[in-house]
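Results of the structural survey
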Amino acid sequence: MNTVVRRGARLGVGLGIGSGTAVIELVFSLLAGIALLLVRAWPRGRRAVMRPVGACARSLVDLERHRLRTMLDERVSASYEPTGALRYLATRWALGLFGAGLVLTALLGVAYGTFFVYAWAIIEIENPGTLAIATLGGLFLLLLSVPAFFAIAAFEGKLARHFLGPSRQEALERRIEQLAVSRAGVVDVVHDERRRIERDLHDGVQQQLVALGMLLGRARRTRDPRHADELLRQAHEQSSQALDELREVAWRVYPTVLDEAGLRAALETVAERCPLPVRLRCRLGGEPPKAAATVAYFVVSESVTNAVKHSGATSIDVRVVEDTRTLRIEVTDDGKGGADLSGSGLFGLARRVDALDGLLRIDSPPGGPTTITAEIPCE
């Protein structure tokens with residue numbers, strides 16, 4: 001229930017903002033229509049007018065796309081034609097004004113629905129029955145407004161997609177291309193991960209076990225009991241080091257704490273194991289889906305590892321927030337900067353995120369700081 005109320009309130013704010021942009025779009029549509037009508041028979045003048053009109057239309061449409069994405073949970077393609085943008089703006093203002101009327105109705109419902117709370121302080125109540133009827137009427141208006149918010153928000157998304165695209169066929173073709181690319185990326189990530197594991201086992205655990213075997217062999221061949229005891233002591237220490245190295249390799253492959261205690265505990269373990277100070281801020285509404293949590297863990301782990309190895313940083317800031325249906329991760333270090341996606345580690349992270357239709361961005365100017373941002377869908 002609380003989720004529905006919060007989303008209804010967010011949709012109401014989005015529609016309220018949309019009513020303000022609708023007024024701007026109405027004025028723009030009138031002025032653009034008049035300007036284009038005046039130069040209709042003059043091709044050169046029409047081209048000259050279309051440039052600023054198209055630029056203004058794109059700015060307004062991008063504003064609407066941002067509002068639809070952040071407030072109404074509707075995503076619209078960024079690749080649209082200028083004529084489609086003009087048609088969208090010429091149509092959308094009417095829907096925006098209708099949304100304004102809906103928001104006013106909801107506010108009126110809130111005012112009357114809660115009138116009994118403050119009515120006693122501003123007027124003299126002579127007929128409590130009238131107050132009760134006004135309160136029930138206000139609550140009824142509010143009850144009608146909430147589902148209307150969801151309906152008008154969905155219609156806003158359909159209207160934008162109708163004029164701005166892509167069409168259903170184009171969307172399916174684009175989706176097929178994205179899945180083909182992400183599948184190839186996942187295959188490459190698996191191969192890279194396998195090679196990394198083989199390298200870790202060969203350079204780490206295997207060398208430890210070879211040294212252990214040599215110590216045990218020397219212990220068997222020696223006839224000096226004291227020397228044999230010393231070699232066995234060294235072999236015992238070597239076996240402990242090999243176990244630690246094996247646990248480290250297993251941890252880098254997949255942390256068991258992620259399954260046992262969840263994403264927050266796994267990230268806290270990353271912060272504890274890091275040699276640099278790590279400030280972790282984790283705000284989750286609940287445990288994310290396993291696939292999203294796994295990718296989020298590796299984004300943080302690999303980013304922290306890269307910062308320790310290559311950035312020369314003195315501190316790292318990690319922020320993980322679950323916003324609506326998206327898991328947003330930000331890892332910032334105060335190092336020298338200059339990181340980019342061409343590196344094997346970050347490139348592998350980008351492929352992991354792409355496999356879940358997520359987005360990975362890197363902002364790392366020379367001199368720092370470096371901020372790695374990932375947005376992972378949780379659906």
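Criteria and cut-off values
Residues numbered from 1 in each chain as written. Predicted model: local features only at pLDDT ≥ 70, side-chain atom pairs only at ≥ 80, totals over all residues. Heavy atoms only, no water. Core = buried A, V, L, I, M, F, W, Y, C linked by side-chain atoms within 4.5 Å. Buried < 20%, exposed > 50% of the residue type's maximum accessible area, 1.4 Å probe, protein only. Helix = DSSP H or I, 4+ residues; strand = E, 2+ residues; numbered from the N terminus. Contact = heavy atoms within 4.5 Å. Pairing = 2+ DSSP bridges. Salt bridge = Lys/Arg side-chain N within 4 Å of Asp/Glu carboxyl O. Patch = residues over 30% accessible without salt bridge, like charges linked within 9 Å, V, L, I, M, F, W, Y side chains within 5 Å. Areas by Shrake-Rupley, 256 points an atom, 1.4 Å probe, with all protein chains shown as cover. Lys, Arg positive; Asp, Glu negative; His and termini not counted. Charge placed at Lys NZ, Arg CZ, Asp CG, Glu CD. Phe/Tyr/Trp six-rings, centres within 6.5 Å; stacked < 30°, edge-to-face > 60°. Axes fitted to C-alpha atoms, helices over the stretch in contact; angles between N-to-C directions. Parallel < 35°, antiparallel > 145°, perpendicular 65-115°, else oblique. Left-handed = near helix turned anticlockwise from the far one by under 90°. Nonpolar A, V, L, I, M, F, W, Y, C, P; charged D, E, K, R; others polar. Right-handed = clockwise from strand over helix to strand, strands pointing away.

Looking at the nonpolar core
Of all hydrophobic cores here, the largest spans 37 residues; its most connected members are Leu263, Val300, Val320, Leu327 and Ile329. The set of elements that each furnish at least two residues to this core consists of helix 8 (256-260), helix 9 (263-273), helix 10 (290-311), strand 2 (316-323), strand 3 (326-333), helix 11 (344-355) and strand 5 (370-377). The element that contributes the greatest number of residues to this core is helix 10, accounting for 10 residues. Discounting residues that sit within four places of it in the chain, Ile329 has contacts with Ala296, Val299, Val300, Arg319, Val320, Ile372, Thr373, Ala374 and Ile376. Within the second largest apolar cluster, 29 residues are counted, among which are Val39, Val49, Val61 and Leu164.

Looking at the environment of Ile152
As for its placement among the helices and strands, Ile152 is situated in helix 5 (residues 128-164). Through-space distance from the C-alpha of Ile152 to that of Phe98 is 8.9 Å; in sequence the pair is 54 residues apart. Those residues within four positions of Ile152 in sequence are excluded, and the remaining contacts are Leu15, Leu95, Phe98 and Leu102.

With respect to the pairing of strand 5
Counting buried positions along strand 5 gives 6 out of 8 residues, so the element sits mostly inside the fold. With 8 bridges connecting them, strand 3 and strand 5 associate as antiparallel partners. In the strand pairing of strand 5, Thr332 is matched with Thr371. With 5 bridges connecting them, strand 4 (residues 359-363) and strand 5 associate as antiparallel partners. Its bridge partner lying in strand 5, Leu359 is registered against Glu375. Between the antiparallel neighbours strand 4 and strand 5 lie 6 residues, among them Gly367 with a positive phi of about 95 degrees.

What about the pattern of salt bridges?
This structure, assessed with the given rule, holds 13 salt bridges. For the salt bridge of Glu25 with Arg92, the shortest nitrogen-to-oxygen distance reads 3.1 Å. In this pair, Glu25 sits in helix 1 (residues 2-38) while Arg92 sits in helix 3 (residues 82-113), placing the two residues 67 residues apart along the sequence. Residues Glu25 and Arg92 agree in their burial class; the two are buried. For the salt bridge of Glu330 with Arg328, the shortest nitrogen-to-oxygen distance reads 2.9 Å.

Notes on a positive patch on the surface
The grouping of Arg40, Arg44, Arg46, Arg47 and Arg51 at the surface amounts to a positive patch. Within the element layout of this structure, Arg46 appears in helix 2 (residues 43-71). A relative accessible area of 34% means that Arg46 is categorised as partly exposed.

What about the packing of aromatic side chains?
Here the structure, examined in full by the defined rule, presents 1 aromatic pair. Arranged with centres 5.2 Å apart and planes meeting at 75 degrees, the rings of Tyr297 and Phe298 form a pair that is edge-to-face. Accessibility assignment for this pair places Tyr297 and Phe298 in one class, buried.

Thoughts on the side chain of Glu25
Among the residues examined, Glu25 registers a relative accessible area of 1% and is labelled buried. Setting aside residues up to four positions removed in sequence, Glu25 forms contacts with Leu60, Glu64, Leu89, Arg92 and Trp93.

Considering the packing of helix 3 against helix 5
The N-to-C vectors of helix 3 and helix 5 enclose an angle of 165 degrees; their axes lie 7 Å apart at closest approach. Taken together, the axes of helix 3 and helix 5 are roughly antiparallel relative to one another. For the element pair helix 3 and helix 5, the recorded crossing hand is left-handed. Counted by class, the contact of helix 3 with helix 5 contains 22 nonpolar, 8 polar and 3 charged residues.

Here we look at a nonpolar patch on the surface
A contiguous nonpolar surface patch, about 340 Å² in accessible area, is contributed by Val23, Val27, Leu31 and Leu97. Looking at where Leu97 falls in the secondary structure, it is placed in helix 3. When its relative accessible area of 35% is taken as the criterion, Leu97 is described as partly exposed.

Some remarks on the packing of helix 9 against helix 10
Between two packed helices, what matters for the description is the angle formed by their axes and the separation of those axes. As a packed pair, helix 9 and helix 10 sit with axes 10 Å apart at the nearest point and diverge in direction by 10 degrees. It follows that helix 9 is roughly parallel to helix 10 by the angle criterion. For the pair formed by helix 9 and helix 10, the contact residues are Leu263, Ala266, Leu267 and Val270 on the first element and Ala293, Ala296, Tyr297, Val300, Ser301 and Val304 on the second. A per-class count over the contact of helix 9 with helix 10 returns 9 nonpolar, 1 polar and no charged.

Section: the sheet that holds strand 1 (residues 278-283)
Sheet architecture is open: 5 strands sit in the order 1-2-3-5-4, paired in mixed fashion. Every other strand in the sheet has two partners, leaving strand 1 and strand 4 as the edge strands with one partner each. Mean inter-strand twist for the sheet, computed between neighbouring axes without regard to direction, equals 10 degrees. Here helix 9 sits on the sheet in contact with strand 1, strand 2 and strand 3, set at roughly 175 degrees to strand 1.

A word on the pairing of strand 1
Pairing analysis gives 6 bridges linking strand 1 to strand 2, with the strands arranged parallel. Bridge pairing in strand 2 places Arg283 opposite Val321. Note that the unit made of strand 1, helix 10 and strand 2 has a crossover that is left-handed.

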